[in-house]
Amino acid sequence: MMKKITAFLSKPIVIGLLFVMAVGLLLGTGVSGTRAALTYYSPTYQSRLQLSRIGVSLLENGEVVSYRDYDANGKWDQTNNNDQNDGKLLESLLEENETFVIGKRYPEVLTVRNSGDINEFVRVVVTRYWMDENGKKITTVSPALIDLRFVNEDVWLHDAEASSAEREVYYYRDLLRTGANNRDTKPLTDSFKVDAKLQAHKSVKEEVVDGKKKTTITYTYDKLRFCIEANVDAVQEHNAQDAIHSSWGKRVQVQGDQLSLGA
């Protein structure tokens, strides 16, 4: 976890939005157990910093699914106003009585919105992995089979150094401003699917029964769950370059209302 930012006026304002899309999917039976969990890392604001607030929201298919905004009175306005701050995800993925289909691509448009009163830069960390029916993470199935399609990589800058087979890190190039204009990012993703290659995970048993050859195929992905986590962070415009390095450990260049990766 990121360490908390020490509360000094000389420090930048940083907010972290932890959005967890834990998709509990027993393949072939439908989707259950989706949620978005939200948390933050920020200082206690004092003096002149109380005159402005920082906020960030996550949108799924055009609808806000999680948000957390810091107001001038030193309070958080968030999704559920509780410690878990859970929000629901993928609720409209399937129609009633519809079954999830391996290999079918489903809409999953993820965007970030500046829902505060100060300009900010944002990043998103997406993690994909598999769990068994007992909730234990497994590594025998490739995370790449959870095919979340990333788009708009001209403005969503991919941090290859910080990424891995499970984890993808993206910085949004443009400053997100307040008000109606330029407060939303372009979509980071537009859809996802569970790749049909998953069906190759099977065991084959051959035996002779009553003089005839019998082949039994058991799909070993049965009862697996795929999980996608997206961690959304925002930092204020002022002193953003240093704030990003101290908070996220990444050297970036900020010139005007755009950032680029690298020292």
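Residues numbered from 1 in each chain as written. Predicted model: local features only at pLDDT ≥ 70, side-chain atom pairs only at ≥ 80, totals over all residues. Heavy atoms only, no water.

## Some details on unusual backbone geometry
Next up, step 1: Within the chain, Asn61 stands out as a residue other than glycine whose phi angle is a positive 50°.
Next up, step 2: Here the phi dihedral of Asn239 falls at roughly 60°; this positive angle occurs in a residue that is not glycine.
Next up, step 3: Tracing the backbone shows Asn239 in the loop between strand 16 (225-236) and helix 1 (240-248).
Next up, step 4: Residue classification places Asn239 among the partly exposed residues on the basis of a relative accessible area of 34%. (Helix = DSSP H or I, 4+ residues; strand = E, 2+ residues; numbered from the N terminus. Buried < 20%, exposed > 50% of the residue type's maximum accessible area, 1.4 Å probe, protein only.)

## Focus on the nonpolar core
Next up, step 1: Val112, Trp130 and Trp156 are the most contacted members of the largest nonpolar core, which totals 36 residues.
Next up, step 2: Among the elements of the structure, strand 4 (55-60), strand 7 (106-114), strand 8 (120-131), strand 10 (146-150), strand 12 (167-172), strand 13 (189-194) and strand 16 are those that each provide at least two residues to this core.
Next up, step 3: When residues of this core are assigned to their parent elements, the largest contribution, five residues, is made by strand 16.
Next up, step 4: With residues near it in sequence (within four places) discarded, Val112 still touches Val56, Ser57, Leu58, Val122, Val124, Trp156, Leu176, Arg183, Asp184, Thr185 and Val232.
Next up, step 5: Counting residues in hydrophobic clusters, the runner-up holds 13 residues, among them Leu157, Ala240, Val252 and Leu259. (Core = buried A, V, L, I, M, F, W, Y, C linked by side-chain atoms within 4.5 Å. Contact = heavy atoms within 4.5 Å.)

## Things to note about the confidence of the model for the protein chain
Fine structural detail should not be taken from predicted coordinates in areas where pLDDT scores are low.
Next up, step 1: Across the protein chain, the average pLDDT comes to 74, with 68% of residues at or above 70.
Next up, step 2: Taken element by element, the predicted model of the protein chain shows its lowest mean pLDDT in strand 3 (residues 31-32) (29) and its highest in strand 11 (residues 156-158) (98).
Next up, step 3: In this model residues 1-12 is a low-confidence stretch, pLDDT under 50, and it forms 23 contacts with partners more than four residues away in sequence or in other chains.
Next up, step 4: Segment residues 16-51 is flagged for pLDDT under 50; beyond a separation of four residues in sequence, or across chains, it makes 134 contacts in the model. (pLDDT = per-residue confidence, 0-100.)

## Focus: the pairing of strand 13
Next up, step 1: For strand 13, the tally of buried residues reaches five of six residues, placing the bulk of the element in the interior.
Next up, step 2: Bridge analysis of strand 7 against strand 13 gives three bridges, and the strand direction is antiparallel. Each bridged residue has a counterpart across the sheet, and for Pro107 the counterpart in strand 13 is Ser191.
Next up, step 3: When strand 10 meets strand 13, the two strands line up antiparallel, connected through five bridges. Counted as the bridge partner of Arg149 is Ser191 from strand 13. (Pairing = 2+ DSSP bridges.)

## Comments concerning the environment of Lys186
Next up, step 1: You can see Lys186 is positioned in the loop between strand 12 and strand 13.
Next up, step 2: Exposure remark for Lys186: the relative accessible area of 42% places this residue in the partly exposed category.
Next up, step 3: Each C-alpha atom of the pair Lys186 and Thr111 lies 6.3 Å from the other, and the pair is 75 residues apart in sequence.

## As for the packing of aromatic side chains
Next up, step 1: Per the counting criterion, the structure on display carries nine aromatic pairs.
Next up, step 2: Where Phe100 meets Phe226, the ring centres are 6.0 Å apart and the plane angle is 35°; that geometry is what we call tilted. Separated by 126 residues along the polypeptide, Phe100 in the loop between strand 6 (76-78) and strand 7 and Phe226 in strand 16 bring together distant segments of the chain. Both residues of the pair, Phe100 and Phe226, count as buried.
Next up, step 3: Aromatic side chains Phe150 and Tyr170 sit 4.9 Å apart centroid to centroid with 20° between the ring planes, which places their arrangement in the stacked category. You can see Phe150 sitting in strand 10 and its partner Tyr170 sitting in strand 12, a full 20 residues away along the chain.
Next up, step 4: Among the residues examined, Phe150 registers a relative accessible area of 15% and is labelled buried.
Next up, step 5: Here Tyr170 falls in the buried class, since its relative accessible area comes to 3%.
Next up, step 6: Three or more aromatic residues joined by ring pairs make a cluster, and in this case those are Phe100, Tyr106, Trp130, Phe192 and Phe226. (Phe/Tyr/Trp six-rings, centres within 6.5 Å; stacked < 30°, edge-to-face > 60°.)

## Here's the deal with the side chain of Ser57
Next up, step 1: As for its position among the elements, Ser57 is in strand 4.
Next up, step 2: Residue Ser57 is classed as buried on the basis of its relative accessible area, which comes to 4%.
Next up, step 3: Separated by 2.9 Å, the side chains of Ser57 and Ser115 make a polar contact. (Polar contact = N/O pair within 3.5 Å; in protein donor to acceptor, adjacent residues only side chain to side chain.)

## Some remarks on the environment of Ala144
Next up, step 1: By the element assignment, Ala144 lies in the loop between strand 9 (137-138) and strand 10.
Next up, step 2: For Ala144, a relative accessible area of 48% puts it in the partly exposed group.
Next up, step 3: In this structure, the C-alpha to C-alpha distance between Ala144 and Val194, residues 50 residues apart in sequence, is 8.9 Å.

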